[in-house]
Amino acid sequence: MRRSVIAFAALSLASAVGAQTTPAPAAQRPTPMILTISAWPDGTVIPIRHTQAGEQVSPELKWTNVPEGTQSFVVNMLDPDVSIQRGTETQPHWIVWNIPATATGLPEGVKPGGDLPDGSHQISATGPQYRGPGAAANGPLHHYTFEVYALDTKLDVAASQATTPVNAALETRAAVMKAMQGHVIGKAVYVGLFKRPQ
């Protein structure tokens, strides 16, 4: 009887040790979202057409690998090389929010206007429209950054009515970003470089 108890205890101990040393299977990571802009390769120079030195036409954006449960998208275009009002804020070039969950991107040449036909809204430092890159010719190339966020909700955010367009854009972007907290389920980024021709 004693041998049986010892053998059983040894077997139990071996099983416990084996269970501890067997690695748990790695959790499968979701496929990341991908943002592409057909007008230029990621990290290269933005064509004049999409800048303040040209026609200032918004580029076509496409996103793929959208997470399950997405209810809306937000696009945030900023210039991180600029400090606004001597603070940490970046230049708000384009904020578009409540883009429908069925959207796979934004077309080239989005028309001005705060409220777009698909129910989304837009604003920038020059008003309810896309603001193209405009870095000075005598400085370095700026890194214009396009971010797209997939959210598990729609946002209850109205555009600010601040007296200057830049303040309205800053206040609206802050409200959008605050409302997004806890609801971001996917994100992708794309960068373009620009400074005005000499």
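Cut-offs and rules
Residues numbered from 1 in each chain as written. Predicted model: local features only at pLDDT ≥ 70, side-chain atom pairs only at ≥ 80, totals over all residues. Heavy atoms only, no water. Buried < 20%, exposed > 50% of the residue type's maximum accessible area, 1.4 Å probe, protein only. Helix = DSSP H or I, 4+ residues; strand = E, 2+ residues; numbered from the N terminus. Pairing = 2+ DSSP bridges. Phe/Tyr/Trp six-rings, centres within 6.5 Å; stacked < 30°, edge-to-face > 60°. Core = buried A, V, L, I, M, F, W, Y, C linked by side-chain atoms within 4.5 Å. Contact = heavy atoms within 4.5 Å. Expected span 1.5 Å × (residues − 1).

Looking at the pairing of strand 5 (residues 91–100)
No. 1: Among the ten residues that make up strand 5, nine are buried, leaving the element largely enclosed by the rest of the structure.
No. 2: As paired elements, strand 5 and strand 7 (residues 121–123) share three bridges and run antiparallel to each other. Across the sheet, I95 pairs through a bridge with I123, a residue of strand 7.

Remarks on the packing of aromatic side chains
No. 1: In total, this model carries four aromatic pairs according to the counting rule given.
No. 2: With 5.2 Å between their ring centres and 80 degrees between their planes, W94 and Y130 make a pair best called edge-to-face. Of this pair, W94 sits in strand 5 while Y130 sits in the loop between strand 7 and strand 8 (142–151); the two residues are 36 residues apart in sequence, bridging distant segments of the chain. Y130 shares its class with W94; the two are buried.

Overview of the nonpolar core
No. 1: W63, V75 and L106 are the most contacted members of the largest nonpolar core, which has 26 residues in total.
No. 2: Element by element, the count of residues in this core is highest for strand 8, at four residues.
No. 3: With sequence-adjacent residues up to four places away left out, W63 is seen in contact with M33, I34, L35, F73, V75, I99, A103, T104, G105, L106 and V148.
No. 4: The next biggest cluster of nonpolar side chains, apart from the first, holds twelve residues, and it includes Y149, L155, A168 and M180.

A short note on the pairing of strand 9 (residues 184–194)
No. 1: Summarising the sheet, strand 2 (residues 44–45) and strand 9 pair through two bridges and their orientation is parallel. Considered in strand 9, the bridge of T44 is made with G192.
No. 2: Here strand 8 pairs with strand 9 via ten bridges, running antiparallel. Residue pairing for strand 9: E147 is matched across the bridge by V189.

A word on the sheet that holds strand 6 (residues 105–106)
No. 1: If you walk across this open sheet you meet the three strands as 1-3-6, and the pairing is antiparallel. At either margin of the open sheet sits one strand with a lone partner, and together these are strand 1 (34–37) and strand 6.

What to know about helix 2 (residues 165–180)
Every α-helix carries 3.6 residues per turn, so stepping three or four residues along brings you back to the same face.
No. 1: Helix length check: helix 2 (16 residues) gives 22 Å between terminal C-alpha atoms against 22 Å at 1.5 Å per residue, within 8%.
No. 2: For helix 2, the full list of buried residues reads A168, A169, L170, T172, R173, V176 and M180.
No. 3: Each element contacted by the buried residues of helix 2 is listed here: strand 4 (72–79), strand 5, strand 7, strand 8 and strand 9.
No. 4: Looking one or two places after helix 2, you find G182, whose phi comes out positive at around 85 degrees.

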